[in-house]
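Reading the structure
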Amino acid sequence: MRRGTVHAIVGENGAGKSTLMKILYGMQRADEGTIEIDGKVVVLRSPSDAIALGVGMVHQHFQLADNFTVLENVILGDEPTKGGVLQLGEARERIQDIGRAYRLTVDPDAMVEDIGVGDRQRVEIIKVLYRGCQTLILDEPTAVLVPQEVEQLFSALAELKSQGLTVIFISHKLDEVLSVADEITVIRGGTTVTTVLPSEVTARQLAELMVGSELPSPETRESTVTDVTVLDASGISLTADSGRRLLDDISLRIHAGEVLGIAGVEGNGQAELVETIMGMHSSATGTVVLGEEDISSWSTRARREAGVGYIPEDRSRHGLLLEASLWENRVLGHQTQAPNAKGALIDRKGARADTDRIVAEYDVRTPSIDVMASSLSGGNQQKLIVGREMSGNPRLLIAAHPTRGVDVGAQAAIWDEIRKARALGLGVLLISADLDELIGLSDHIKVLLRGRFVADADPLTVTPELLGSAMTGAGGEES
Amino acid sequence: MRKIALVVAAPLLALAFAVLVTTVILIASGHAPIDVYKQMWDYGTQPDSLVLTLNLSTTYYLAAVSVAIGFKMNLFNIGVDGQYRLAALFAAFVGGRVSLPPVLHVTLIIVVAMAVGAMWAGAAAVLKNRRGVSEVISTIMLNYVATGVIAFLLTTDRFAVMTEGSNNIGTQPIPPSGQVPGFNVIPESTSPVFGLILLAALVGIGYWWMLSRTRFGFDLRATGLSPTAAVASGVNVKRMVLYVMLLSGAIAGLIGMPQLLGESHTYNLDFPAGLGFTGIAIALLGRNSPVGIVFGSLLWAFLDVSRQILDLTGVSKEIVTIMQGVAVLSVVIAYELVRRYGIAAQQREVGRQLAADAELAGATA
């Protein structure tokens, strides 16, 4: 990266953008390779090493103390003192100098909780500049901004650039990247694909580079889709406490024997959609019909009892009790159902026997069902969850990123299970960031962007590139 | 086997550390530690002291279980103290005013105590569910409210009568039909052990059974281990908060019963206070386990009884408070260290075992 430029890094979720940035900012150590700053090889052991060498980072999620003023937040951790007494006046002047020099104006005495998102981001940038950084890493800075704020940010970046600072800009919004970057590096699957100049590529070409052009081997398989509706959700909306629309009038229908895939860049409402169907958001509006029954007002437990299997996107937070044994994890989510319960009591014998069955049938590699779930590898944990959710004759299976963070062998096994579920006549809602997986398994694909379905795709004809552009809003409304 | 060793090692190490710190303090203050410990042991193992220890640990056990039920769900019921005092006052008042056949009378008193305790704790649950008030704050404040309510009610205009032959006031004494006689366990002692020690044992068994055998207990533990996973599994966390608080409060209501029904028969100005806070310490010491708490309360009660001799020998008995405090602190740290070590050790072991299995399969293939 050259001094005085904006260098963008683009890539899909899980391509390695964040890991790369963590290494550059000293939060993680690389196994191999070197980092050079101004021609010198450096070793970054912690963020303070990075800051000392002039590398600063603005995180996607702001790291500000709400109950402090802007001034206090900026100096936090690097307070100017004289004999142990804070020198606020001096700091205020420096902040105002920085503001004037880079056209980043904020009131130093405003409380952070009172200022808007755009202002908060400016505070974060000022914080980094205040520490004398010459290289700024911005992690998805536009994700939380409205268009006008994005423009303000870009003009500030231009100002920084003209003063000789270097900006590393991480994003997957391709149109923005094209308008602001001087150079673009595309990474995929943990390696650099290429570095291009924005004048040489279109958003579509960039999307192609991002998702890779290899198509999954299209399986020749017969459609098992029936005309029996398993899930009919209509008019689902959900508003965050901040007033942002997380889901906006979503409707979908899944038939028995059908896999409906949802494509989308993370944070566009996938998690909320799944949680709403599971009954975890009481403030959501719209109707959810499972089979013949309107389950809109049902609790999560009632929905699970009615035959909804759920593979959550974050297994350690939502899918498992890490510090409980495997058999207790078999009970989790099915506390009220046979063979785990008899009336109000837990049926330990039944649950243990059934855990043995799952371990054998789903090839969960474990020495015993009494070890803690945290002792297993991610793949084996996930196989246990899949086995658990396929037990008890579910009608609908919701699989959110079912193969995330699992090894190749477990991935293939989980894919097989989803195919099997489809053949058994279950309706499957599949959410995945892996477009090959999505295209390979789905009977139908919908694209979610900013809480709305923006496109429909037929997996037999669609390519990852087309999906990728629809996901990032770069390629218009394809169908 | 190693699991058991780990579980026992933590409290023993912590206890050893507490004794070490106490020894250092004793030496620093110019006493001979061995002598002090010997005096405490000799006094504490006398028959009458043993009875006192058992009686004290009965109330401690109930207090600790009451706290532990909340702790298991990461719900901090700091208000056990107010809950049991208020419950004991109302139970004593009702018990002194009615006359019923023996078993019925006792049952009524206990039911009143549980209901009042549950209600007082339930207030904190409602505040948490409806308004998002942290139960730590609300239960602490409810302790002060309880103190105020008791001071208001425990006057001769309302719940209390003058105790004959003293300046103390208390509720009307509970007639014999509402008393629970003690029994002699320690042959050399003439004083009886609280009859309600059996109730404490029953509560302990019920607590164990509820946690490990019932769906409710599973939901409770799941919520404590991972609230997010519990929600995803269909646990209604708000409802659990309410139920667990009610249960914790109901058991808190029992804390004053052994003393009330077995000894004082009245709630007066001398009724023991502060047991709720002792319960918190013992729950930590016993790691919220029904069995661990038995040992925790016995130890705590033994120290509380045996420290009484120290005044006579010129050693400040607060030394025992230091020992108890250090024991709780170091037990908490020791448990955490052992827990982490246990997780890491199991991960390593599972990895090793799977690798060995794979090698074996490779060799035979």
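Residues numbered from 1 in each chain as written. Chains lettered and ligands numbered in written order. Predicted model: local features only at pLDDT ≥ 70, side-chain atom pairs only at ≥ 80, totals over all residues.

Structural notes on the overall build of chain B
For clarity, the cut-off: Labels follow the DSSP assignment, with helices taken as runs of H or I lasting at least four residues and strands as runs of E lasting at least two, numbered in each case from the N terminus. The atom set for the radius of gyration is the C-alpha atoms, and the globule formula is 2.2 Å times the number of residues raised to the power 0.38. Labels follow a simple rule on C-beta atoms placed from the backbone: if 20 or more others lie within 10 Å of a residue's own, it is buried; if 12 or fewer, it is exposed; otherwise it is partly exposed. The contact criterion used is a C-beta to C-beta distance within 7 Å, with each C-beta placed from the backbone.
Along chain B, the regular secondary structure elements total 15 helices and 2 strands. Relative to the 2.2 N^0.38 estimate, which gives 21 Å for 365 residues, the radius of gyration of chain B is 23 Å and therefore close to what a compact globule would have. On the principal axes, the C-alpha backbone points of chain B span a range of 90 × 55 × 35 Å. Every one of the 365 residues in chain B was classed for burial, and the buried ones make up 45%. Of the contacts formed within chain B by residues at least 6 apart in sequence, a portion of 77% connects residues at least 24 apart.

Regarding the sheet that holds strand 15 (residues 293-294) of chain A
Strands in a sheet are paired, the pairing made by backbone hydrogen bonds, and the direction either parallel or antiparallel. Residues and elements named next belong to chain A. Threshold: Pairing between strands is defined by DSSP: at least two bridges between the two strands are required. Axes here mean lines fitted to C-alpha atoms, for a helix over just the part in contact, with angles spanning 0 to 180 degrees between N-to-C directions.
The 4 strands lie next to each other as 12-11-14-15, forming an open sheet whose pairing is antiparallel. Each edge of the open sheet carries a strand with a single partner, namely strand 12 (245-255) and strand 15. Of the pairings in the sheet, the one linking strand 14 (residues 285-290) to strand 15 comprises 2 bridges and is antiparallel in character. Bridge pairing in strand 15 places Val 289 opposite Asp 294. Against the sheet, helix 9 (residues 270-277) touches strand 11 (229-239), strand 12 and strand 14, its axis set at about 60° to strand 12.

With respect to the nonpolar core
Spelled out, the test is: Structurally, a nonpolar core is described as a collection of buried Ala, Val, Leu, Ile, Met, Phe, Trp, Tyr and Cys residues joined by way of C-beta atoms within 7 Å.
Counting 175 residues, the largest nonpolar core has Ile 398, Val 428 and Leu 430 of chain A together with Ala 64, Ala 88, Leu 89 and Ala 113 of chain B as the members making the most contacts within it. In terms of residue count, the dominant contributor to this core is helix 3 (residues 47-71) of chain B (14 residues). For Ile 398 of chain A, the contacting residues outside a window of four places in its chain are Val 274, Ile 277, Met 278, Val 308, Gly 309, Tyr 310, Ile 311 and Leu 429 of chain A. If you look at the next biggest cluster of nonpolar residues, it comprises 51 residues, including Val 10, Leu 104, Ile 126 and Ala 207 of chain A.

Focus on the confidence of the model for chain B
Interpreting fine coordinate detail is not advised for predicted regions of low pLDDT. This is how it is decided: pLDDT runs from 0 to 100 and stands for how confident the predictor is about each residue.
When the pLDDT values of chain B are averaged, the result is 91; 97% of them are 70 or greater. Among the prediction metrics, the complex's ipTM stands at 0.87, with pTM recorded as 0.76.

Some details on the sheet that holds strand 8 (residues 166-171) of chain A
All names here are of chain A. On the basis of which strands lie adjacent, the open sheet formed by 6 strands has the order 4-7-8-1-9-10 and mixed pairing. Each end of this open sheet is capped by a strand with a single partner; those strands are strand 4 (55-58) and strand 10 (191-196). Taken over all neighbouring pairs, the strand axes of this sheet differ in orientation by 20° on average, direction set aside. Judged from the 5 bridges that link them, strand 1 (residues 6-10) and strand 8 form a sheet pairing that is parallel. Counted as the bridge partner of His 7 is Ile 168 from strand 8. In the packing of helix 1 (residues 17-24) onto the sheet, contacts are made with strand 1, strand 4, strand 7 (135-139), strand 8 and strand 9 (183-188), and the angle to strand 7 comes to roughly 150°. Helix-sheet contacts for helix 5 (residues 117-130) involve strand 4 and strand 7, and the interaxial angle to strand 4 is about 165°.

Focus: the environment of Leu 154 of chain B
Residue and element names in this part refer to chain B. Assignment of secondary structure puts Leu 154 in the loop between helix 6 (135-153) and strand 1 (160-162). Distance in space between the C-alpha atoms of Leu 154 and Thr 58 is 26 Å, their sequence separation being 96 residues. Excluding residues that lie within four positions of it along the chain, Leu 154 makes contacts with Leu 89, Phe 159, Ala 160 and Ile 169.

So, unusual backbone geometry
Residues and elements named next belong to chain A. Put simply, Ala 338 and Pro 339 share a cis peptide bond, and its omega is 0°. Assignment of secondary structure puts Pro 339 in the loop between helix 12 (326-331) and strand 17 (341-342). With a phi angle near 55°, Asp 249 is a residue other than glycine that sits in the positive phi range. In this fold, Asp 249 is placed in strand 12.

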